[in-house]
Amino acid sequence: MGQMLNGDSRVHLAPFTVSWPDGQCVLAYARQGGMAIVAAVQVPEVPYGAPSLWDVAARHLPTNLTDENEGYGRWLLCAGWGLSVMPDPRGLDLSGEAWTVNVAKSVTLKAPAYGSDGLHVGYLWFDNPAVNAKAQGLLGASV
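A brief structural summary.

Procedures and definitions
Residues numbered from 1 in each chain as written. Predicted model: local features only at pLDDT ≥ 70, side-chain atom pairs only at ≥ 80, totals over all residues. Heavy atoms only, no water. Helix = DSSP H or I, 4+ residues; strand = E, 2+ residues; numbered from the N terminus. Buried < 20%, exposed > 50% of the residue type's maximum accessible area, 1.4 Å probe, protein only. Contact = heavy atoms within 4.5 Å. Core = buried A, V, L, I, M, F, W, Y, C linked by side-chain atoms within 4.5 Å. Expected span 1.5 Å × (residues − 1). Polar contact = N/O pair within 3.5 Å; in protein donor to acceptor, adjacent residues only side chain to side chain. Axes fitted to C-alpha atoms, helices over the stretch in contact; angles between N-to-C directions. Parallel < 35°, antiparallel > 145°, perpendicular 65-115°, else oblique. Nonpolar A, V, L, I, M, F, W, Y, C, P; charged D, E, K, R; others polar.

## Some points on the side chain of glutamate 70
Step number 1: Structurally, glutamate 70 can be placed in helix H2 (residues 68-85).
Step number 2: Residue classification places glutamate 70 among the buried positions, given a relative accessible area of 12%.
Step number 3: Once residues within four sequence positions are removed from consideration, glutamate 70 is found in contact with Thr108, Leu109, Lys110 and Ala111.

## Looking at the nonpolar core
Step number 1: Core analysis: the biggest nonpolar cluster contains 24 residues, and Leu27, Val38, Leu53, Leu76 and Leu119 have the highest contact counts within it.
Step number 2: Sorting the residues of this core by element identifies strand E2 (11-19), strand E3 (23-32), strand E4 (35-41), helix H1 (53-60), H2, strand E6 (99-113) and strand E7 (116-126) as the ones contributing at least two each.
Step number 3: The biggest single contributor to this core is H2, with five residues.
Step number 4: Judged by nonpolar contacts, the second largest core, of 22 residues, contains Leu5, Ala39, Val46 and Val103.

## Digging into H2
Step number 1: With 18 residues, H2 should cover 26 Å at 1.5 Å per step; its first-to-last C-alpha distance of 26 Å lies within 8% of that length.
Step number 2: Every buried residue of H2 is accounted for by Glu70, Tyr72, Gly73, Leu76, Leu77, Ala79, Gly80 and Leu83.
Step number 3: Buried residues in H2 make contact with E2, E3, E4, H1, E6 and E7.
Step number 4: In this structure aspartate 67 caps H2, since a side-chain oxygen of it lies 3.1 Å from the backbone nitrogen of asparagine 69.

## Some words on the side chain of asparagine 132
Step number 1: One can find asparagine 132 in helix H3 (residues 129-136).
Step number 2: Leaving out residues up to four positions away in the same chain, asparagine 132 has contacts with Val41, Trp125 and Phe126.

## A closer look at the packing of H1 against H2
Step number 1: In contact at an axis separation of 9 Å, H1 and H2 are set at 100° when each is read in the N-to-C sense. Our classification of the angle between H1 and H2 gives roughly perpendicular. Each of Leu53, Trp54, Val56, Ala57, Ala58 and His60 in H1 lies in contact with H2, whose residues at this interface are Glu68, Asn69, Tyr72, Gly73, Trp75 and Leu76.
Step number 2: Tallied by class, residues from the contact of H1 with H2 come to eight nonpolar, three polar and one charged.

So yeah, pure geometry; function would need other evidence.
Okay, structure coming up:
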């Protein structure tokens, strides 16, 4: 188990394609201090509903990167940040709901991007079971 982070800052959530054409997860984006949080809300009942986002980034970028942390980190940060500036009409925008993130990887960028010094990547869930079920329901799963 990785580092656990807790917070109640604003969270943007939306379905996110992780395997073309229809493999999706629920992507969550939040901020804590100078760091972004880009995480998946696990929906184990759905294929691809519990992806390693780091592996998803690896599949989308060249394998000959000079700095994997920088390249994958920036790609994931862009994906998450995009939820905050171009909200998905199928998504959720929550404020004040307590959440926890199991951090699989943390990256500090060489230079800030999208207003963040780096990011934490992992799995996010909400303390309130009803909110967690609503987030999981973005994939059409009845959990």
